[in-house]
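As a plain string of letters, each chain reads:
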Amino acid sequence: MLGIDISTLADPIHEYSHSLGRSITGGYVYRGTENEELFGKYIFGDWSSSFVRPRGSLFYLEEISPGSWQRFNLLPSNMFNRFVMSFGEDENGELYVCSKTTLGPTGSTGDIRKIVIE
């Protein structure tokens, strides 16, 4: 055990209500070279805004002034239409999102998509 006291953790840098999504899916700070406009931004998602339909979201946080963070949609419509399961990072700092269109460990709808800004 590391002996970390939860009362010593820093306050959240960002929060939002369940009207936007059900569960934040943590991501990574982008350190790749293929998407210059994302460099240094925290890329993350939300599992879904619905428990029934796949309505995940992809976001990024940008520090707009010291200690002040703002959330932006990564997708123009912000409708990913998939459940956001996880994120991954390759050896070059490029990011990937793992997602699926069905609930639970059934079906064959899971995939891994590279995040590319066009």
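Everything that follows concerns the structure shown earlier in this document.
One structure accompanies this document, and this report is about it. (Residues numbered from 1 in each chain as written. Predicted model: local features only at pLDDT ≥ 70, side-chain atom pairs only at ≥ 80, totals over all residues. Heavy atoms only, no water.)

Considering the overall build of the protein
Now for step 1: When its secondary structure is counted, the protein shows zero helices and seven strands.
Now for step 2: Start at the N end of the protein and walk to the C end: the helices and strands fall as β-β-β-β-β-β-β.
Now for step 3: Contacts in the protein between residues far apart in sequence, at least 24 positions, make up 42% of those at least 6 positions apart.
Now for step 4: Of the roughly 7,600 Å² of accessible surface on the protein, a fraction of 53% belongs to carbon and sulfur atoms.
Now for step 5: Looking at charge distribution, the protein has the averaged site of its 10 positive side-chain charges lying 12 Å from that of its 15 negative ones. (Helix = DSSP H or I, 4+ residues; strand = E, 2+ residues; numbered from the N terminus. Contact = heavy atoms within 4.5 Å. Areas by Shrake-Rupley, 256 points an atom, 1.4 Å probe, with all protein chains shown as cover. Lys, Arg positive; Asp, Glu negative; His and termini not counted. Charge placed at Lys NZ, Arg CZ, Asp CG, Glu CD.)

Re the side chain of Asp 90
Now for step 1: By secondary structure assignment, the location of Asp 90 is in the loop between strand E5 (83–89) and strand E6 (95–100).
Now for step 2: Buried and without a salt bridge, Asp 90 has Lys 114 as its closest oppositely charged side chain, separated by 5.1 Å.
Now for step 3: A polar atom in the side chain of Asp 90 sits 2.8 Å from the backbone nitrogen of Asn 92. (Buried < 20%, exposed > 50% of the residue type's maximum accessible area, 1.4 Å probe, protein only. Salt bridge = Lys/Arg side-chain N within 4 Å of Asp/Glu carboxyl O. Polar contact = N/O pair within 3.5 Å; in protein donor to acceptor, adjacent residues only side chain to side chain.)

Considerations on unusual backbone geometry
Now for step 1: Despite not being glycine, Asn 81 has its phi angle at roughly 55°, a positive value.
Now for step 2: Within the element layout of this structure, Asn 81 appears in the loop between strand E4 (68–73) and E5.
Now for step 3: Among the residues examined, Asn 81 registers a relative accessible area of 42% and is labelled partly exposed.

A look at the pattern of salt bridges
Now for step 1: Enumeration over the complete set of coordinates arrives at three salt bridges.
Now for step 2: With its nearest N and O atoms 3.2 Å apart, the salt bridge here joins Arg 82 to Asp 111. Highlighted residues: Arg 82 in the loop between E4 and E5 and Asp 111 in strand E7 (residues 111–114), separated in sequence by 29 residues.
Now for step 3: We classify Asp 111 as partly exposed; its relative accessible area is 23%.

Remarks on the nonpolar core
Now for step 1: Judged by nonpolar contacts, Tyr 30, Leu 38, Ile 43, Leu 58, Tyr 60, Leu 74, Phe 80, Val 84, Phe 87, Leu 95, Val 97 and Ile 115 together constitute the single largest core of 12 residues.
Now for step 2: Filtering out sequence-adjacent residues up to four positions away, Val 84 remains in contact with Thr 25, Asp 46, Trp 47, Gly 56, Ser 57, Leu 58, Val 97 and Cys 98. (Core = buried A, V, L, I, M, F, W, Y, C linked by side-chain atoms within 4.5 Å.)

Quick word on the sheet that holds E6
Now for step 1: Strand order in the open sheet formed by three strands is E5-E6-E7, and the pairing between neighbours is antiparallel. Edge positions in the open sheet fall to E5 and E7, since each of these has one partner strand only. Pairs of neighbouring strands in the sheet enclose a mean axial angle of 30°, with direction left out of account.
Now for step 2: Pairing between E5 and E6: six bridges, direction antiparallel. Bridging across to E6, Val 84 finds its partner in Ser 99. (Pairing = 2+ DSSP bridges. Axes fitted to C-alpha atoms, helices over the stretch in contact; angles between N-to-C directions.)

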